[in-house]
Amino acid sequence: MENLIQVAKKIKDLEIQGARNVAKAAIRSMKEVILNSSASDPDLLFKELLQAKNILFNTRPTEPAMRNGLRYVLFEIKEAKGDIETTKEIAIKTCDKILNYFEDAILKIHEIGARKILSGMQIMTHCHSSTVTGILRKAHEQGKEIHVICTETRPRYQGHRTARELIEADIEVTFVVDSAMRYMMKHLEVDLALIGADAITSEGTIINKIGTRLFALAADERDVPMYCAADTFKFSPETSLGFLEKIEKRSPEEIWKEAPSGLHIENPAFETVPRRYIDALITEVGVFPPSSIAHQLLQLHPWMFAFEE
Ligand code: RUB
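Please explain the pairing of strand β6 (residues 206-209) as it appears in this structure.
Side-chain direction in a regular strand flips from residue to residue, so the side chains alternate between the two faces of the sheet. Sheet analysis places strand β5 (residues 199-200) next to β6, joined by two bridges and oriented antiparallel. Bridge pairing in β6 links isoleucine 200 to isoleucine 206. Across four bridges, β6 lies against strand β8 (residues 270-273) in antiparallel orientation. Bridge pairing links isoleucine 206 to valine 273 in β8.

Rendered as structure tokens:
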């Protein structure tokens, strides 16, 4: 469990960031707990993993990809009818299955997403999404000449990571402060707005880094098509039962370390973008309107709707 606690801290501190990376790190650390477990029967293993799951769940509240992955492991253990060795084997196989799913999904999204990009396009993004940078790199590899505008993404500057990654891939990048997003959308005549997502609700609302709603409004004002690239593990099944996806609030110190005492600082990490601003979701199973997500997932991942806490 020691390694899992360290991974949980890294997730909380954003040393591991982005929904996909968070989910993958969480599943890997869960797998290690299973491999090292000395539980003598399946019930004890389940209890141990429940505790591990809770530690990871408490790191970042707006991360359904991590939640779905961890729940899936527990779901399979509960379904397994066998001795401890068989149960462990099933649990490990499930972790590998999820990790492989993430790898296959991302390759498919890169392939599908790159088809939306034409040579000569000016593409704008916000924050750092490995799904988005992968699509952009793929388009570049296909010989398309693209120019990417990325925002710095206060307060944790994930935009630095996006800019660095794209520059290293030899893509032309312009870097702007968040408050210049509308100005740049207009003055650089952006052709496409492309974002990732942390969560997708049953209504097709996207939840992504704070600033994404402003980004969407700026795109809408100029009729710039806006696409959201995300794998289906980011669906929040709780929302189909009417629960709201929680928006993570982070420490005020991330914004102003030595702020005058008495000052109230708010630091929401994410925000919602309703489906009316999103032309389509780019997922591993295709490009479709955000409104059809719940229907698609009932068929694709029925277990997502069958979990118990
Ligand atoms: C990252 C963020 C990303 C999504 C998608 O926020 O909002 O757009 O997580 O990323 P944070 P990916 O830095 O706070 O984790 O496509 O890599 O899953």
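Hey, could you run me through a nonpolar patch on the surface in this one?
On the surface, Ile255, Trp256 and Leu263 cluster together into a nonpolar patch covering about 280 Å² of accessible area. Along the chain, tryptophan 256 falls in the loop between β7 (226-229) and β8. Classification of tryptophan 256 by relative accessible area gives partly exposed; the value is 45%.

It is not clear to me how the sheet that holds strand β9 (residues 280-283) should be interpreted in this structure. Could you clarify?
Strand order in the open sheet formed by seven strands is β3-β2-β1-β4-β7-β9-β10, with mixed pairing between adjacent strands. The sheet is open, and its two borders are formed by β3 (172-176) and β10 (286-288), each paired with just one other strand. Taken pair by pair, the neighbouring strands of this sheet meet at an average axis angle of 25°, ignoring direction. Across three bridges, the pairing between strand β4 (residues 192-195) and β7 is parallel.

Looking at this structure, how should I read the site of the ligand?
Not every one of the 18 residues close to the ligand is listed here, only the nearest: Gln17, Ser129, Ser130, Thr131 and Lys209. Here arginine 20 contributes a backbone N or O atom positioned 2.9 Å from an oxygen atom of the ligand. Lysine 234 has a polar side-chain atom sitting 2.7 Å from an oxygen atom of the ligand. Burial of the ligand by the protein chains amounts to 100% of its free accessible area of 460 Å². Sorting the residues of the shell around the ligand by element identifies α2 (19-36), α6 (130-141) and β6 as the ones contributing at least two each. Each residue belonging to the shell around the ligand can be placed in one class, and the counts come to five nonpolar, eight polar and five charged. Summarising the domain contributions, the shell around the ligand has at least three residues from each of domain 1 (2-107) and domain 2 (115-305).

Could you clarify how one ought to interpret the domain arrangement of the chain in this entry?
How big an interface is tends to be stated in terms of accessible area lost as the parts join. Per the domain assignment, the segments of the chain are domain 1 (2-107) and domain 2 (115-305). Placing the centre of domain 1 and that of domain 2 at their C-alpha centroids yields a distance of 26 Å. Counting residues at the interface gives 24 residues for domain 1, matched by 31 residues for domain 2. Together, the buried faces of domain 1 and domain 2 total about 2200 Å²; carbon and sulfur atoms form 54% of this surface. Looking at the side of domain 1 facing domain 2, the largest losses of area belong to Thr62, Asn68 and Tyr101, adding up to 26% of the total buried there. Joining domain 1 to domain 2, the criterion identifies four salt bridges.

Conventions used here
Residues numbered from 1 in each chain as written. Predicted model: local features only at pLDDT ≥ 70, side-chain atom pairs only at ≥ 80, totals over all residues. Heavy atoms only, no water. Pairing = 2+ DSSP bridges. Helix = DSSP H or I, 4+ residues; strand = E, 2+ residues; numbered from the N terminus. Patch = residues over 30% accessible without salt bridge, like charges linked within 9 Å, V, L, I, M, F, W, Y side chains within 5 Å. Areas by Shrake-Rupley, 256 points an atom, 1.4 Å probe, with all protein chains shown as cover. Salt bridge = Lys/Arg side-chain N within 4 Å of Asp/Glu carboxyl O. Buried < 20%, exposed > 50% of the residue type's maximum accessible area, 1.4 Å probe, protein only. Axes fitted to C-alpha atoms, helices over the stretch in contact; angles between N-to-C directions. Near = heavy atom within 4 Å. Polar contact = N/O pair within 3.5 Å; in protein donor to acceptor, adjacent residues only side chain to side chain. Nonpolar A, V, L, I, M, F, W, Y, C, P; charged D, E, K, R; others polar. Domains from an automatic or database assignment. Contact = heavy atoms within 4.5 Å. Buried area = accessible area lost by both parts, 1.4 Å probe.

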